[in-house]
Amino acid sequence: MVIILKMFQFSAAKVYIVCGSLSFLGLVFANCVRKHDLNQLKSYKYAPPIGVKWAEKCIFAKYIFDTTMNRRLIIALCVMGSTSMASAQTKGGGLSADMLKDIVKEQKQAPVSQALINAVAANAIDDLAKNHQNAGAFDTYFSIETPKQSITDQKSSGRCWMFSGFNVLRSNYTQQRDSIQLEFSQAYLFFYDQLEKANLMLQGVIDTGTKPIDDQRVQFFFHYPLNDGGTFCGVADLTEKYGLVPKEVMPESFSSDNTSKARSLIASKLREFGLQLRDMVQKDKSQASLNKAKVRMLAQVYRMLEMTIGQPPQKFTYAFKTKEGRSVGKAREYTPQSFYHEVVGGPLNGTFIMAMNDPRRPYYKTYEVEWDRHTYDGHNWRYVNLPMDEIEKMAIASLRDGRKLYSSYDVGKFLDRKRGYADTENFDYGALFGTSFGMDKAQRISTFDSGSTHAMTLCAVDLDAKGNATKWKVENSWGADWGQKGCLIMTDRWFREFMFRLVVDKKYVSEKVLKAAEQQPVMVMPEDPLFLPDE
């Protein structure tokens, strides 16, 4: 066939077009051959998927006829093309008809009752896999518990990192002021979080402007121009830079509670802006021109944020209130920065360590995730990798002292949402499906099966007679009506498997861990399966 094609000087593209680029085209061509309808062959037009604007109107067929080649050759060539396509679909690791028969035969050796099939088809999997022996009442007493505070609700947004961080900050402030009720405005800081992330994306595009569009880092910026998620380093960097305001001063808007639509529109605009900046870089425009263009672009983002989230206040008057709503002292005028200094004090950065349990990597080593930050000039997520025993020691020490902690988990695993209870024995999926799920924590991380997905505020632990943890409690941000009055209780065996991040004040950290935190970090990339933002 190759020799014949070379004789007639046909390109591979034309052969592909004529002899079955798609099965539909192959059938049409075969029909033309059978009917000897050269007029139909000449008039048939289509747009092939290989980039040629229009096909040669089946000129190959006419050419062979014109050179006295018989119709059998044409049919043979078409059959060869179709056969080649079929073999390409099943060659090697494809799913062939014989393999499908073997699969069906294999599963028939372990028959499933029709009653079970009907049950699974008509019910939620968790309802059927629920372990009845683990479904009874569970102990809600905690030997160490921090003071309770109001439960928040992030609604349909991915801002758990901010809610958990704010829970820690307001708890630290009210710890010595038990009568005061305080909640910070998530909308205020979210406004600047989104603006900073927009700048991070645009500046990242400028920095990588000379690289090809399919470069991994270029694709990172265009793939994730904006998101709701984050980590505690975002709380630290953003509050130090922009301050805080009470929730009463800047309440939530529809779009701060329901972020997806506004976020997608701003992300689309950022991608458009990114292409414009890349074009400027590749045309060797000056840095001043690039900065001017970026300011203009961020002004549009600012406008969209102002319309959807609200206008951030520059000054406000506020009086602290008790839990009963009574004002404490006279109202004072604040700026966001002065209010921050009133309730937080000095800078957060430098006062804590971020710990993580990643059994894939050596413990007591420090790692830093490139580009995992909220502001271009801020701090990446930098953490000390520690075994769970070490993490639990720090958590217990902090809770004993009445200090809540930012923490994050793979919250969807074995979670009984109705009861607000997380335990590895809540569900037996293996028994339901006649199999087992045997990966350990490191394997689950490596294969993208598990990772940090949701931040919550660690607030209590229950210890046995030997001082070992048996269960933990966190304040969640899914509303006061969820779970255990807005909280989630988790067994220690679940905690060890699905807890990932913990932020601890340095005064509760051992010298060994502090020394490890001072190491030069090993840089890892944001594509690592563990480093998704908490949402």
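A few points on the structure. Remember, predicted model here, so these are calculated numbers, not experimental data. (Residues numbered from 1 in each chain as written. Predicted model: local features only at pLDDT ≥ 70, side-chain atom pairs only at ≥ 80, totals over all residues. Heavy atoms only, no water.)

1. A word on the overall build of the protein
Then step 1. Secondary structure summary: the protein contains 22 helices and 15 strands in total.
Then step 2. The 535 residues of the protein split such that 48% are buried.
Then step 3. As displayed, the protein offers around 26,900 Å² of accessible surface, 54% of which is attributable to carbon and sulfur atoms. (Helix = DSSP H or I, 4+ residues; strand = E, 2+ residues; numbered from the N terminus. Buried < 20%, exposed > 50% of the residue type's maximum accessible area, 1.4 Å probe, protein only. Areas by Shrake-Rupley, 256 points an atom, 1.4 Å probe, with all protein chains shown as cover.)

2. Topic: the sheet that holds strand E2 (residues 180-181)
Then step 1. The sheet built from 3 strands is open, its strands ordered E2-E3-E4 with antiparallel pairing. Edge strands, defined here as strands with exactly one partner in the open sheet, are E2 and strand E4 (327-334).
Then step 2. Summarising the sheet, E2 and strand E3 (residues 316-322) pair through 2 bridges and their orientation is antiparallel. From the neighbouring strand, glutamine 181 faces E3, where its bridge partner is lysine 321. (Pairing = 2+ DSSP bridges.)

3. Some points on the side chain of aspartate 423
Then step 1. With respect to the helices and strands, the residue aspartate 423 is situated in the loop between strand E10 (421-422) and helix H19 (429-433).
Then step 2. For aspartate 423, a relative accessible area of 0% gives the class buried.
Then step 3. Sequence-distant contacts of aspartate 423, that is, excluding residues within four places in its chain, are made with Asn134, Phe414, Thr491, Arg493 and Trp494. (Contact = heavy atoms within 4.5 Å.)

4. A word on helix H16 (residues 287-308)
Then step 1. With 22 residues, H16 should reach 32 Å at 1.5 Å per residue; the first-to-last C-alpha distance of 31 Å fits that figure.
Then step 2. If you check which residues of H16 are buried, you get Leu290, Ala293, Lys294, Met297, Leu298, Val301, Met304 and Leu305. Buried residues of H16, viewed axially, fall in a sector of 130 degrees; they line one side. Among the exposed residues of H16, those pointing more than 90 degrees away from its buried face are Ala288, Lys292, Val295 and Met307.
Then step 3. Along its buried surface, H16 packs onto helix H11 (186-207) and helix H15 (260-282).
Then step 4. In the segment just after H16, glycine 310 is the residue with positive phi, at about 125 degrees. (Expected span 1.5 Å × (residues − 1). Arc of directions from axis to C-beta.)

5. Focus: the packing of helix H12 (residues 216-223) against H15
Then step 1. Two numbers describe how H12 lies on H15: the axes approach to 9 Å, and their chain directions differ by 145 degrees. Residues Val218, Phe222 and His223 of H12 form the contact with H15, whose participating residues are Arg271, Gly274, Leu275 and Arg278.
Then step 2. Across the contact of H12 with H15, the residue classes break down as 3 nonpolar, 2 polar and 2 charged. (Axes fitted to C-alpha atoms, helices over the stretch in contact; angles between N-to-C directions. Nonpolar A, V, L, I, M, F, W, Y, C, P; charged D, E, K, R; others polar.)

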